[in-house]
Every structure is written in structure tokens, then in C-alpha cells.
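Topology and contacts: notes
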Number of protein chains: 2
Amino acid sequence: MTLNNLLSQSSEWLRGTGADSQIVISSRIRLARNLSDFSFPQWADKKERKEALSLMRGVLFKIKYLKNGLFAELDGLDVLDKQFLLERHLISREQTRGRNCKAVVISEKEIISVMLNEEDHLRIQVLQSGFNLSDAWRLINELDEQLEQKLNYAFSPQWGYLTACPTNVGTGLRASLMLHLPALVMSKQIGNILQTLSKLGIVARGLYGEGTEASGNFFQFSNQLTLGRSEEDIIDNLERVVRQIVNYEEERRKLLLKQKREILYNQIWRAYGVLKNSYFINSGETMNLLSMVRLGADLSILKDVELRKVNELFLLTQPAHLQKIEGKKLNAYQRDVKRAELIRERLK
Amino acid sequence: MTLNNLLSQSSEWLRGTGADSQIVISSRIRLARNLSDFSFPQWADKKERKEALSLMRGVLFKIKYLKNGLFAELDGLDVLDKQFLLERHLISREQTRGRNCKAVVISEKEIISVMLNEEDHLRIQVLQSGFNLSDAWRLINELDEQLEQKLNYAFSPQWGYLTACPTNVGTGLRASLMLHLPALVMSKQIGNILQTLSKLGIVARGLYGEGTEASGNFFQFSNQLTLGRSEEDIIDNLERVVRQIVNYEEERRKLLLKQKREILYNQIWRAYGVLKNSYFINSGETMNLLSMVRLGADLSILKDVELRKVNELFLLTQPAHLQKIEGKKLNAYQRDVKRAELIRERLK
């Protein structure tokens, strides 16, 4: 498997299947783990990082889920490929920086990805389409146990798993759910919801994690604390809060359909009309219009639109994806032209 | 013929035929005339206005062009019908105001309209599609001569035709050309052109005359002075200046096609996409989007669009037209919904 194989398949997080997938795009759990016999990557020298990488790589490819996976050293990738992986949520922004024996292992269907020598030695991630933290947890827990048998994890009986950043100590677990909340945004309810979240131990972020703004009405919700509670408790709390947000979004969608029908139809159909007829469109506008089209498909207002195609477009219209499809570097102007062309073709 | 008959026919000024009709929508000449045996309408009492009206009506319906025309007293029309005539450029805003024995006579194809008891006793207007002031002049001159044989015009050998407002004294003639100048607007050249016009004795106005803003990239150009020059000179000067503006617009269209192809296609196709998919649209946005669609049809970018349908929409989407079509009063919200519905149907 090579990087270019990924281009022809849909990313797990946009497959649009699974429970509550009209609102919950994807469920994700990641575990931060470190090797006790090596310094944390940031404090290790090159030799040590290289040794750790070699050890982890060997172990990972013995795990059945990863046997046919993809291994890529970040140092060997160009800027475009790094951004491509970032856009697919397979690596973090942190992982694209510097030349530090960083690598990533990606399972066949992109459900599992493991970053090596990121902030921590191992950042194991499992993605599931829809509202499905339980399957994600089952799988990542199984993986973690298999790895623990072969790797000597840095673990303290008092603190739990040790990590480079104290905010990850303990379980090393971050569970997150990506939600599509157009109705809460349109009805200006989202602000109130985001404000009360921190009291519930939940953090909200944009589509591309920390420091990114909500784009296309996508919001990522995840647990704030990793310490002092069990993995199951952390996941359970996130699930309960997000279940509530899903209900709010559903109610708002019904209310919009009932009370603001013309305005809703207007926004959705116009978005569809613009996307099908653009010859020039930037990434931000694309996300927002696709969001409306997705809502239209969810509500059966746009009956002929294939949800799968819309979901794919969220990803394929990202800058690096466009350039990978085109097979060459494109400047911003060229991307805006190419993006519009791709959308017109796919929505024809 | 009744007012409602007009609804089913295209207004002459938007027929989209004639010379240079890609840029010059219509040519219009009006003559201001008064009766010497009656006070000007504003200074006459009701009885006098009534007598003048009766006299003029009798004479007008003996003219062959007006025999099968429509006669409507403004006092007998409701607000909607008045606005309807205004939207069709058949009466002035002035003519819709007050209850003063005002009337209008409209020829079958709306080429001729004569306002009675407006600011002046007679305001004779001839409209021609495209760049065609010569036919408009020939026709209005013929009409004027026929009327002069039967009516005693207020005329001074020194000043020429006398009018209520001194700016019309002399020839009483106002010639105007309605132009569609999207390329000059898009390339921000229109400002310079408008600035130099007054030096050339030309006045620029928006779609609905004095005090209205340019909407849908439509501009009306007309002569500033009516005194001290012959009718032919006035018309000739306007024609020469406007010919120049037509050339500029043509050059700019070619330049846009050559240098800003994607941006041009983008604006035109998006406008088309939005119009075909709106469920709510106000009058201003409609004009601007229709303007882009018209440009697209003119440049053969939108090959399937019938120019006739687009031209009709400029008129049918106006507030009073929408309400006449619907057969009842509509508030602003209802109009925006109805307008979108009408556009979707007609562009399907």
C-alpha cells in the first residue's frame, strides 16, 4: 500500500455510515503511550529516536490489523504528502514539523493510525464512522493490550501512563466526536452550548483540531481530563453530553423545517446551485456550502444528491487532496479553479 | 384592451431586439407639450384639468396608432396598477401622485404612451427596442405633427414649446438610451465614464429614471439641454456619445473573456445557479443576478438560456408585476418567495 492508494478510498471519518451519522460524522479515540527504555522523543537524540522507531515499527507490523498497513517516515515525505495525511486526520500538525524520525502506520481502511515519535512515542488512533465510541474503544483497547505485551510502556502505578505533556498523563486517552451542527449554527444556539461545555469537562474544537475554527459547521468534542477517571467513565461522560447536543440539533432541524421552511430551502438549494455552477471557489466557502448540501441530503430536501459524494467532496476539495488528484503543485488561484471543476464534475 | 392585457406581453423596452441590443436595451424619446388655452395642470383647477383631459382624449383616439390603445385615468387605478405601469416605464412616478385628472394612453404594443395632465398637459413617449433613436424620432415627430393640427400648443416663437418646468422649454425633447453595462461595472470603468458625461451634455440615471440608483448594471443616458439646439442635433449628440460607451463596453467584454475568463464564467454561472435554486430572493439581488445571466447569454457562455425569458424576468419580478401575476396583494416576504418561485419556473 502506498500513499496514493489512499486517494481512491473514502476516509473512515467521512464514510457517513453508522449510528446517528446524520449528525455525528465520526468517533475517534487516541491513546498516548511511551516506551520506558527511551527518552521521550523531544528529549531523545537522533540515534535514540531512530532505535525507538525501529523497535516500534517491528512490533506494529506483527499486529494483525496493521500487517497490510502503510508505513511512512515523515522525513521522507514532501510538504504536499504531509498535508495530505493531515487533511485525512491520519497525522497531527505536530507530526508534520521538523526532521525527527517521525513516522506513521496506517491500517488498510484508515481505521487505525499510529503516529511514532510525535510528542509521545506512540499516538494510537482509532476512527469509526458515526456515533460509535464503543467499537472504537474495544478496538483500541485490544490493540493497546497487544502492544503492551511486546513493548515496555512507561507507566507509573500512581499516575498511570506517562506522557510528554502532563495533560495526557493517566489514561493517555482522548475520545472525540465530530459533529455536523448546521441547525444549531443557523439558529444561533451553538454559542450557548459551547459556553456550558467546559463545566462538563468537554472541549470543543474545529474540524482540524486545536486552534482551528469551526468550518462547514463541523465541531469536534472531546474530554478535557485524562487523569483520575477510568477510560470507561471518560467515554461515558463524553457520550452523554454529546447525545444531548445531538438531540438539540435534531430538534432545531425539525423547528427550521416547520417554522423557516423557505429560508431553509433557500439556503440549501442555493448552496447546491452555487456548487454546481462555480468556476472559482475557495476552501472555506466550499466547506460552508457543502455543509448546507449535506443538511439538504440529510433532510431529504435534496433527493438526488448522493450523501457519499458530498462527504467525499469535503475531503477531496482540501488543498493537498486537490494537488494529489491533479498530480502537481497548484497555487491558490489554480486550486480555486480546480476545486470548482472537481465539484461541478462530481455533482453533475 | 385592459391593463391586464399588458401582463401577457413583453414590454417594448425589454424585447431584446434591434441594433446593438446586446448592450442597448431600448431607445426612448419624449416630448413635453402644453395646450395654450388651458393653465398648466399644476395651476389649473379641477374643472379646467377635466376639460383639458376630455379634449386631449378625444383627439388622441383619432390618431391611427392609438385607436386601439388603452386609456386609463390614474384616479381610477389602485396603488398596484399605478406601480405596474411605472414598472413598465409607461408612466412617471410624478404621474402616480395625487388625484388630479391624470391619465395615460398606451398604444397596443406599448411603443407609444402619452401621459395627460402630468407636469405638462401632454408627455408623449415613444419606445423602441435596441439602439434606434431614429425610428423613435420619426414616429414621435409624426405623432406630434398630427396632434399639433388638432390641438392648440403653447408655443413661443422666441422660446419654442412652453413647459411647466424651464428645463424642458424649447424642444421639450428628452431622448434617452437604456444601456446594460456589466463589463464596465465589473472592471470598475463606469465611474470615469459617468464623470465625464456632464461635460458632454449627457445625464446618467438608473433604471427607473431620476433619483434611482443603477440596478442590474442598467444605465439611462439622456440629453441635459432642450433649448437652443434642434431636435436632430440633440439626438445626434446623444447617439455619438452613447456609441462610444457601447464600444467601451464591447472592448471590456472581450478583455474579460480573454484575461479573466474563470472569474467571468464564475460570476455568470453562479448567478444562473442561484436564480435557478432560490426559494427566497429580493428585487435588488434578482436584478444583479439577471444582469449576469443576460451577459452570459449575450456572450454565448450560457447557451441554453433564452434571452427573451431573461428579459421578461427583469420586468415580471418587479413588485407590482408579481402581485398582478398572483392576482392579490403580497407583503415583502411573500413577494420574495413568489419571485423565487417564478424565476425557478421560468428558468427550468
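Residues numbered from 1 in each chain as written. Chains lettered and ligands numbered in written order. Predicted model: local features only at pLDDT ≥ 70, side-chain atom pairs only at ≥ 80, totals over all residues. Heavy atoms only, no water.

**Quick word on the packing of aromatic side chains**
For the structure shown, the criterion picks out 20 aromatic pairs over all chains. Ring geometry for Phe-61 of chain B and Phe-71 of chain B: centres 6.4 Å apart, planes at 70 degrees, overall edge-to-face. In this pair, Phe-61 of chain B sits in the loop between α2 (46-60) and β2 (70-73) while Phe-71 of chain B sits in strand β2, placing the two residues 10 residues apart along the sequence. Since its relative accessible area comes to 19%, Phe-71 of chain B is described here as buried. Of the aromatic side chains, those joined through ring pairs into one cluster are Tyr-265, Trp-269 and Tyr-272 of chain A together with Tyr-279 of chain B. Over the face of the ring belonging to Tyr-161 of chain A we find Arg-33 of chain A, whose NZ or CZ atom lies 3.5 Å from the ring centre. (Phe/Tyr/Trp six-rings, centres within 6.5 Å; stacked < 30°, edge-to-face > 60°. Helix = DSSP H or I, 4+ residues; strand = E, 2+ residues; numbered from the N terminus. Buried < 20%, exposed > 50% of the residue type's maximum accessible area, 1.4 Å probe, protein only. Lys NZ or Arg CZ within 6 Å of the ring centre and 35° of its normal.)

**Observations regarding the packing of helix α8 (residues 261-277) of chain B against helix α12 (residues 332-347) of chain B**
Residues and elements named next belong to chain B. Orientation of α8 relative to α12, taken along the N-to-C sense of each, is 115 degrees, at an axis distance of 7 Å. When the interaxial angle is binned, α8 and α12 end up roughly perpendicular. For the pair α8 and α12, contact is made by Tyr-272, Leu-275, Lys-276 and Asn-277 and by Ile-343, Arg-344 and Leu-347, respectively. For the contact of α8 with α12, the per-class residue count stands at four nonpolar, one polar and two charged. (Axes fitted to C-alpha atoms, helices over the stretch in contact; angles between N-to-C directions. Parallel < 35°, antiparallel > 145°, perpendicular 65-115°, else oblique. Contact = heavy atoms within 4.5 Å. Nonpolar A, V, L, I, M, F, W, Y, C, P; charged D, E, K, R; others polar.)

**Quick look at unusual backbone geometry**
Of note, the phi angle at Ser-300 of chain A is positive, near 60 degrees, even though the residue is not glycine. For Ser-300 of chain A, the location among the structural elements is in the loop between α9 (283-298) and α10 (307-316). Located in the positive-phi region is Asn-117 of chain B, a residue other than glycine, with phi close to 60 degrees. Among the secondary structure elements, Asn-117 of chain B is positioned in the loop between β4 (112-116) and β5 (122-129).

**Notes on helix α4 (residues 133-150) of chain B**
With 18 residues, α4 of chain B should reach 26 Å at 1.5 Å per residue; the first-to-last C-alpha distance of 26 Å fits that figure. Listing the buried residues of α4 of chain B in full gives Leu-133, Ala-136, Trp-137, Leu-139, Ile-140, Leu-143, Asp-144 and Leu-147 of chain B. (Expected span 1.5 Å × (residues − 1).)

**Things to note about the interface of chain A and chain B**
At the junction of the two partners, chain A supplies 16 residues and chain B supplies 16 residues. Between chain A and chain B, a total of about 1600 Å² is buried, with carbon and sulfur atoms accounting for 57% of that surface. Sorting the residues of chain A by area buried against chain B places Arg-270, Asn-277 and Tyr-279 of chain A first, and these three jointly supply 38% of that buried surface. Between chain A and chain B we count two salt bridges in total. Between Glu-285 of chain B and Arg-270 of chain A there is a salt bridge, with its nearest N and O atoms 2.9 Å apart. Where chain A meets chain B, there are 13 residue pairs in polar contact (both at pLDDT 80 or more). Elements supplying a minimum of two residues to the side of chain A that touches chain B: α8 (261-277) and α12 (332-347) of chain A. (Buried area = accessible area lost by both parts, 1.4 Å probe. Salt bridge = Lys/Arg side-chain N within 4 Å of Asp/Glu carboxyl O. Polar contact = N/O pair within 3.5 Å; in protein donor to acceptor, adjacent residues only side chain to side chain.)

**A word on the sheet that holds strand β10 (residues 218-223) of chain B**
Residue and element names in this part refer to chain B. An order of β2-β3-β4-β5-β1-β8-β10-β9 is seen for the eight strands of this open sheet, with the pairing classed as antiparallel. Of all the strands in the sheet, just β2 and β9 (202-205) have a single pairing partner and so form its edges. Between one strand and the next, the sheet's axes are offset by a mean angle of 20 degrees, whatever the strand orientation. Sheet topology note: the strand β8 (residues 173-180)/β10 ladder contains five bridges and is antiparallel. When the sheet's bridge partners are listed, Leu-179 is paired in β10 with Phe-219. Across the sheet, helix α6 (residues 190-197) lies against β9 and β10, angled at about 15 degrees from β10, the strand it touches most. (Pairing = 2+ DSSP bridges.)

**What to know about the relation of the copies chain A and chain B**
For the match of chain A to chain B, the screw axis carries a shift of 0.0 Å, the RMSD comes to 0.0 Å, and the turn is 180 degrees. Both chain copies can therefore be described as sitting about a two-fold axis. Identified as the residue of chain A closest to the rotation axis by C-alpha distance is Gly-273 of chain A, at 2.2 Å. Of the interface residues in chain A, 100% have counterparts in chain B that sit at the interface too, so the contact is made through matching surfaces. (Least-squares fit on C-alpha atoms with pLDDT ≥ 70 in both.)

**As for the nonpolar core**
Inside soluble globular proteins, nonpolar side chains tend to come together where they are buried. Formed by 73 residues in total, the largest nonpolar core has its most connected members in Leu-275 and Val-293 of chain A together with Leu-275 and Val-293 of chain B. Listed by contribution, the elements that provide at least two residues to this core are α8, α9, α10 and α12 of chain A together with α8, α9 (283-298), α10 (307-316) and α12 of chain B. Top contributing element to this core by residue count: α8 of chain B, with eight residues. What Leu-275 of chain B contacts, discounting residues up to four positions off in sequence, is Ile-281, Leu-289, Leu-290, Val-293, Ile-343, Arg-344 and Leu-347 of chain B. (Core = buried A, V, L, I, M, F, W, Y, C linked by side-chain atoms within 4.5 Å.)

**Observations concerning the domain arrangement of chain A**
Residues and elements named next belong to chain A. We note that the domain assignment places domain 1 (3-251) and domain 2 (260-346) within chain A. With 27 residues of domain 1 at the contact, the number on the domain 2 side is 20 residues. With both sides pooled, the region where domain 1 packs onto domain 2 buries about 2100 Å², and carbon together with sulfur makes up 64% of that total. Linking domain 1 with domain 2 are one salt bridge, by the criterion used here. A salt bridge links Lys-324 to Asp-81; the shortest N-O distance between them is 2.5 Å. Taken together, the links from domain 1 to domain 2 amount to 10 residue pairs in polar contact (both at pLDDT 80 or more). (Domains from an automatic or database assignment.)

**Remarks on the sheet that holds strand β8 (residues 173-180) of chain A**
Residue and element names in this part refer to chain A. The strand order across the open sheet formed by eight strands is β2-β3-β4-β5-β1-β8-β10-β9, and the pairing between neighbours is antiparallel. Looking at the sheet topology across the chains shown, the edges are occupied by β2 (70-73) and β9 (202-205). Between one strand axis and the next, the sheet turns through 20 degrees on average, direction left out of account. Pairing of strand β1 (residues 24-33) with strand β5 (residues 122-129), which is carried by eight bridges, proceeds in the antiparallel orientation. Its bridge partner lying in β5, Leu-31 is registered against Ile-124. Those strands touched by helix α2 (residues 46-60) are β2, β3 (103-106), β4 (112-116) and β5, and its axis lies near 165 degrees from that of β4. Helix α6 (residues 190-197) contacts β9 and β10 (218-223) of the sheet and is inclined by roughly 15 degrees relative to β10.

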